[in-house]
Amino acid sequence: MPEGHTVHRIANAFQSDFAGRPVTVTSPQGRFNSDAALISGLVLKRARAIGKQMFLEFDGGAIVRIHLGIYGKWQFHDSADAEVTGQVRARFTAGKNCADLRGPTICEVITKTEAKTVFNRLGPDPLNANPGNREAQRFISRVQASKSPLGLLLMNQDVIAGIGNVYRAELLFRAQITPHRPGNQCTTEELQAIWDDSVKLLRIGVKTGFMITKEKLFRKNPTKAERNWVYKREGSPCERCGASVQIELMATRKLYWCPGCQK
DNA sequence: GGCTTATGCGCAG
DNA sequence: TGCGCCTAAGCCA
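We now turn to the structure provided with this report. (Residues numbered from 1 in each chain as written. Chains lettered and ligands numbered in written order. Predicted model: local features only at pLDDT ≥ 70, side-chain atom pairs only at ≥ 80, totals over all residues. Heavy atoms only, no water.)

It is worth spelling out the protein's contact with DNA strand C at this point. With respect to spatial proximity, the complete set of residues near DNA strand C consists of Gln 29, Arg 31, Tyr 71, Lys 73, Gln 87, Arg 89, Arg 102 and Gly 103. Here the atoms of DNA strand C within 4 Å of the protein split so that 54% fall in sugar or phosphate, with bases taking the remainder. Tyr 71 places a polar side-chain atom, nitrogen or oxygen, 3.3 Å from a base nitrogen of DNA strand C. A distance of 3.3 Å separates a phosphate oxygen of DNA strand C from a polar side-chain atom of Arg 102. Of the residues contributing to the surface near DNA strand C, the split by class is 1 nonpolar, 3 polar and 4 charged. (Near = heavy atom within 4 Å. Polar contact = N/O pair within 3.5 Å; in protein donor to acceptor, adjacent residues only side chain to side chain. Nonpolar A, V, L, I, M, F, W, Y, C, P; charged D, E, K, R; others polar.)

Taken as a whole, this structure holds 1 cavity of 30 Å³ or more when the rule is applied. Space inside the largest cavity adds up to approximately 40 Å³. Taken together, Val 7, Ile 10, Lys 52, Gln 53, Met 54, Ile 66, Leu 68 and Trp 74 form the lining of the largest cavity. Every element with two or more residues in the lining of the largest cavity is listed here: helix H1 (4–18) and strand E3 (53–58). The residue makeup of the lining of the largest cavity, split by class, is 6 nonpolar, 1 polar and 1 charged. (1 Å grid on protein atoms, 1.4 Å probe; cavity = no way out; pocket = protein on both sides within 12 Å on 5 of 7 lines; lining within 4 Å. Points joined across faces, edges and corners; volume = space filled by probe spheres on them. Helix = DSSP H or I, 4+ residues; strand = E, 2+ residues; numbered from the N terminus.)

The next subject is the pairing of E3. Of all 6 residues that make up E3, 6 are buried, and the element is covered over most of its length. Burial along E3 is two-sided: Gln 53, Phe 55 and Glu 57 facing one way and Met 54, Leu 56 and Phe 58 facing the other are all buried. In this antiparallel pair of consecutive strands, strand E2 (residues 44–50) and E3, the connection spans 2 residues, and Gly 51 shows a positive phi of 60 degrees. Where E3 meets strand E4 (residues 63–67), 5 bridges bridge the pair, whose relative direction is antiparallel. Directly across from Leu 56, in E4, lies its bridge partner Val 64. Between E3 and E4, which pair antiparallel in sequence order, lie 4 residues; one of them, Gly 60, sits at a positive phi of approximately 95 degrees. (Buried < 20%, exposed > 50% of the residue type's maximum accessible area, 1.4 Å probe, protein only. Pairing = 2+ DSSP bridges.)

This is the structure in C-alpha cells:
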C-alpha cells in the first residue's frame, strides 16, 4: 500500500535489519542482476525514505533507488534461504534477515549525483519535516504559485512528497476545501493547516500501518471500509453533512469528495 | 478459476 | 490523453 507512510515503514525496517552490515543482493528474477552485482557484499550505511521513494546508501557511494509504483511490494523473511516464490526482482539478505522486492516501477543503482537530482526535484515530505516551518513554507509557496486545482497539486510529488490518492481525498475533506479550488486561491492559513494535518495523518499511518483519517478511530483497529470519510465511499451519505459523496476522474485518477462539506 | 481493480508514474505523441 | 508496467487482493461464479 504505497503512499508515503508505507515507504517510511519499510525504510525503518531496512535501517534496523540491514544498516551497518554487509548486505548480499541478488535478483532471482534476473532483471536487477547487473545492478545487484555492483553493490552485493557492501555495507549498507543508511536507509531513508523521501515521499514514495526509498534510498539505500551503500559504502562507496552507490545508492539503490526504489519506487514501488502501484504494484510494488516488499516481503520480509526470517531466513536468508527462504524459498523464492513468483517474480522476485531483488533479494536483500544480511544474516537471517531477508527482504524480497516484487513488481517495483523503479529499482536501480545510481550515483550520489544522480540521487541529488532526484532529491532536488521532490517537494517536502511531511514525514521528514524539521523543527521550524521551512518545509511547510516550501509547500505553501509551490501551491500558491499554481493555477492548477488543489486536488491535482496534492498528488504532485514535486509539490508535496508522499501523498497519494487516499490521503489527497481525505486531507481535502478534513480541510473542507473543494478539490477544484485553484492553488493560487488558497490562503496561507488554509495550506498551513493542510500541511499540519498531513504530518499528523502520515504519522498515524507510520505508527499503525493503515491510512486512518478519522480521529475517533486513531487508536482502534478499524476495517478498511471504516477508515476514511470519502475515499471509496461514492454514493454513500457523507457522515458529516448527509450529502452524497461524489466520485469523478481528475487527471485519470479517481477523486472522491463531499460537495456538501467542501467549498 | 477468471475478471476487475489498485495506494503511481514515466513516456509518446 | 492514453498506454504500459507487472503484482496481488477482492470479488464473482
